[in-house]
Amino acid sequence: MFGALDKTFIWAVKYPFDKKSIELLSSLEISLEEILSDESFLEEARKKLKYILKEGKLIPTVSQNPYRDFVIFYIQVLLVRALGHTYIERRFIEVYSKFSSSFLSREDEGNVEELAKNLGLSAELLNIDGNLYFGVPFYEFFKLSKKLSDKYWKLYYFPLHKGYVLLNRKNFVRLLQEAIKVRLFEILLSVENVPEEISEVAQKLLKEVEEFIPKTRRRQEGDFITRDVENYPPCIKYLLANIGKGLGHSARFTLVAFLNTMGYSKDEIIQMFNVTPDFNERMTRYQVEHILGLRGGKTRYSVPSCRKIVSYGFCKADDICKKYTILHPLKYVYVKKRYRE
Amino acid sequence: MKQSDILYIKSYLTTYYHRSYDKLFGMIKKPEMREWAILNIDGKMIRHLHIPSLDSFRDLLSNYIPKGLYHSASYYEHPSEDMDLKHRLKTDVIFDLDADHMPRVEIKEVYKCKNEECGEYGDREKCVICGDATKKIIVVDDVVIDSVKKELKRLVKTLYDILGIEESMTKVFFSGLRGFHIHIEDGPLLDMDDIERINLKDFITLDDVDISLVRDENAFLLSRLIEELPILLKEVSDIELKTVLKKIDELKDDRKKVFLFIKDLRSDEELLAKLNHFITSSLGIGVDPAVLTDLSRLIRAPLSLHGRSGLIKIPVKPSNVDDVSIIGEAMPTNVKCKVYIHYLPQIVWGGEEYGPFYREYTLLPESLAIYMVNLGLGESLSIP
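Residues numbered from 1 in each chain as written. Chains lettered and ligands numbered in written order. Predicted model: local features only at pLDDT ≥ 70, side-chain atom pairs only at ≥ 80, totals over all residues. Heavy atoms only, no water.

Trainee: With reference to specific residues and values, describe the overall build of chain A.
Mentor: Each helix and strand counted, chain A has 17 helices and 4 strands in total. Against the compact-globule benchmark of 20 Å for 341 residues, chain A has a radius of gyration of 26 Å, which places it well outside the compact range. With the C-alpha coordinates aligned to their principal axes, the bounding extent of chain A is approximately 80 × 60 × 40 Å. Within chain A, the fraction of its 341 residues that count as buried is 48%. (Helix = DSSP H or I, 4+ residues; strand = E, 2+ residues; numbered from the N terminus. Rg over C-alpha atoms; globule rule 2.2 N^0.38 Å. Buried < 20%, exposed > 50% of the residue type's maximum accessible area, 1.4 Å probe, protein only.)

Okay, here's the thing in structure tokens:
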């Protein structure tokens, strides 16, 4: 049987990002130097991180020495930070958020609620007509669910009670997993200095794991650029067809950013607008230059995502949009070009 | 527009702002942190204005005569800089209920022949005199606003009862012409980013629904569908849809059965798509998506005048909107003025009926006369 202190460490292994675990870490009467003086800690952290990067998973168990497991987690944090590689950070966060979620699926309801509160959620355990739900304010639901790609993560698919979204344990834990990712990222960012010896091990580790880091072929500029309107997404074709009727702010913004990405010059774009009954070249030039980042804060605006275009009200999704789950107009051009070739 | 009409409208606007500028400025939360904008009388928009005090607001109004006065929904660190340098801190959540965005609201339409030599007005899409194409002119009156009131009550019920937003956190306004604005100027909702606001918009409008994806027999969408069944059964004309709704009506006392019945509809994609479309159009509330989701949006300032209608954007209480003519309440004066009307079907303005008029001089409330001139349906404003 585990003693009370062990239980605290077990909690800390399962949820190392939790407020209680961080308090435990600060209360340890041992310095990092002392820990690192036992080389086996750093070695085990390196092996574990290598496994995570290679396999993309971690078996959700707690060893007989939870103190050691917990300390090793934080040495891994230092290693990841020293590596300074976005893919490695994401992989680490993804694996550990899943690791913790696996425990949460079996955790006592009160503990789940407590952990959620420690993660900054205003979650409540609610008994509605005899059914036990985890309630989350709808705005926190939006914040956590916005990166979940499954279509059912829409507010209207869930029960609501006075502004709380009512979730069963499975869905609640899935949302918590997103909150855990945010917290893990904050923990990574909070590391300011990494001891030299950890940096050295990190550099060796990087060579060992290089083969596991996917080498995505960056799409070439030419993959997207075309002046062939046939390759343009239906929303852009719609805007082009309606220039003459006058376009609203969001529509003009989208069209200018898109055409510029397709290689049209500022003057070519301005001339395209010279079909509206109230064409004002000076005003059009000002607006176009602003969108292209030639004025003001010099920020060049990018083509808005499909999500935004839907909200602007001129999404005209066609079969290609649906078949290839197009989420960005430029992706459409890329797909359509390949499709036609 | 005739020069004399421009002068009349300028005087109308100046008089109003001279009397009301302090009350108006006092209505705006943290005015010094917002971007302000003025639509000048000649139609030019002047943006990125910073108004840190009542004195600077008065000075601004002495330099410009605003046909429209706007402030940003967002609060900025540097309100007068260009957009990308402003540094947004928070953004009010604003719902714009506009007659234009509501399929259930019938708006009055007047047509003017595009052929300048003819220029005839009427109620047909093709000119009855020369047969040429016409330009559509939308006319709003009490009847239109009464229809939007119904949508306002549905939206308010959703915000207060379903989303648990406290009434004290919201300010409801008549927009000055075609509908209502609801402003939320406090609380955690102001921190929502644009994607979170798109999700809120989808919830209100019921865009993109697929009823077969509901996660629970008590899901909001299912509950709303069951609650509204009596109305939906009256509205539906499609026989297949009627059969589906009748079946849901039969099963409604056992939610689990309704839930399973709807899941089964996945086998008939066409019918499911039809049902989903019907749900969006019948149960969704038509708020303007851009106003709700655009973080750099400008919104008409409360207590300012709507440049086209000459009406004030006044605060209203949703609980008693039915008791009054909102347009009547929003008129800044009781003055009637003389105006020449080219064409106007009968309308109700401020609880009174006017028209029909055809090529004649008449006396109208000042706001209605200005509205007619701005729509191109009238001219020659004068005090009788």
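Moving on, there is more to tell.
Trainee: Describe the overall build of chain B, with residues and values.
Mentor: The helix and strand tally for chain B stands at 12 helices and 17 strands. Against the compact-globule benchmark of 21 Å for 384 residues, chain B has a radius of gyration of 24 Å, which places it among compact chains. Seen through its principal axes, chain B has C-alpha atoms that stretch 70 × 55 × 40 Å. For chain B, buried positions account for 54% of its 384 residues. Taking as baseline every contact in chain B between residues at least 6 positions apart, the subset at least 24 positions apart corresponds to 67%. When the accessible surface of chain B is split by element, carbon and sulfur atoms take 48% of a total near 17,000 Å². Across chain B, 52 positive and 65 negative side-chain charges occur, with their mean positions spaced 2 Å apart. (Contact = heavy atoms within 4.5 Å. Areas by Shrake-Rupley, 256 points an atom, 1.4 Å probe, with all protein chains shown as cover. Lys, Arg positive; Asp, Glu negative; His and termini not counted. Charge placed at Lys NZ, Arg CZ, Asp CG, Glu CD.)

Trainee: Describe the nonpolar core, naming the residues involved and giving the relevant values.
Mentor: Formed by 195 residues in total, the largest nonpolar core has its most connected members in L121 and F172 of chain A together with F95, F174, L200 and M372 of chain B. Top element by residues in this core is helix α5 (residues 66-83) of chain A. It accounts for 12 residues. Three or more residues apiece are contributed to this core by two domains, here domain 1 (4-101 + 193-205) and domain 2 (109-179) of chain A. For L121 of chain A, the residues in contact, after removing those within four places along its chain, are A116, V136, E140, L144, F172, L176 and A179 of chain A. Grouped together as the second largest cluster of nonpolar side chains are 26 residues, L247, F258, Y264 and V303 of chain A included. (Core = buried A, V, L, I, M, F, W, Y, C linked by side-chain atoms within 4.5 Å. Domains from an automatic or database assignment.)

Trainee: Give me helix α4 (residues 194-205) of chain B: which residues, what numbers.
Mentor: All names here are of chain B. Under the 1.5 Å per step criterion, the end-to-end length of α4 is 16 Å for 12 residues, consistent within 8% with the ideal 16 Å. Of all 12 residues in α4, 12 are buried, a share of seventy percent or more. The set of residues buried in α4 consists of D194, I195, E196, R197, I198, N199, L200, K201, D202, F203, I204 and T205. For α4, the N-terminal capping position is held by D193, with its side-chain oxygen 3.1 Å away from the main-chain nitrogen of I195. Phi turns positive, to about 60°, at L206, one or two residues after α4. (Expected span 1.5 Å × (residues − 1). Polar contact = N/O pair within 3.5 Å; in protein donor to acceptor, adjacent residues only side chain to side chain.)

Trainee: Break down empty space enclosed by the protein for me, with residues and values.
Mentor: Residue and element names in this part refer to chain B. On inspection of all chains with the given rule, the structure shows 4 cavities of 30 Å³ or more. By volume, the largest cavity amounts to about 60 Å³. Surrounding the largest cavity, Y111, C113, E120, Y121, G122, D123, R124, K126, C127, V128 and T134 form its lining. Looking at the lining of the largest cavity, the elements that each hand over two or more residues are β7 (108-113) and β8 (121-122). Of the residues in the lining of the largest cavity, the class split is 5 nonpolar, 2 polar and 4 charged. (1 Å grid on protein atoms, 1.4 Å probe; cavity = no way out; pocket = protein on both sides within 12 Å on 5 of 7 lines; lining within 4 Å. Points joined across faces, edges and corners; volume = space filled by probe spheres on them. Nonpolar A, V, L, I, M, F, W, Y, C, P; charged D, E, K, R; others polar.)

Trainee: Can you explain the interface of chain A and chain B? Please cite residues and give values.
Mentor: Listed by partner, the interface residues are 29 residues for chain A and 39 residues for chain B. Carbon and sulfur atoms supply 59% of the area that chain A and chain B bury against each other, a total of about 3,200 Å² over both sides. Counting every contact that joins chain A to chain B gives 6 salt bridges. In this structure, the salt-bridge partner of K143 of chain A is E196 of chain B, at a minimum N-O distance of 3.5 Å. The interface formed by chain A and chain B contains 14 residue pairs in polar contact (both at pLDDT 80 or more). Where the side of chain A that touches chain B is concerned, the elements lending two or more residues are β2 (131-137), α8 (138-145), α14 (281-291) and α15 (306-312) of chain A. Here the side of chain A that touches chain B takes 4 residues from α8 of chain A, the largest share from any one element. Looking at the side of chain A that touches chain B residue by residue, the classes come out as 13 nonpolar, 8 polar and 8 charged. (Buried area = accessible area lost by both parts, 1.4 Å probe. Salt bridge = Lys/Arg side-chain N within 4 Å of Asp/Glu carboxyl O.)

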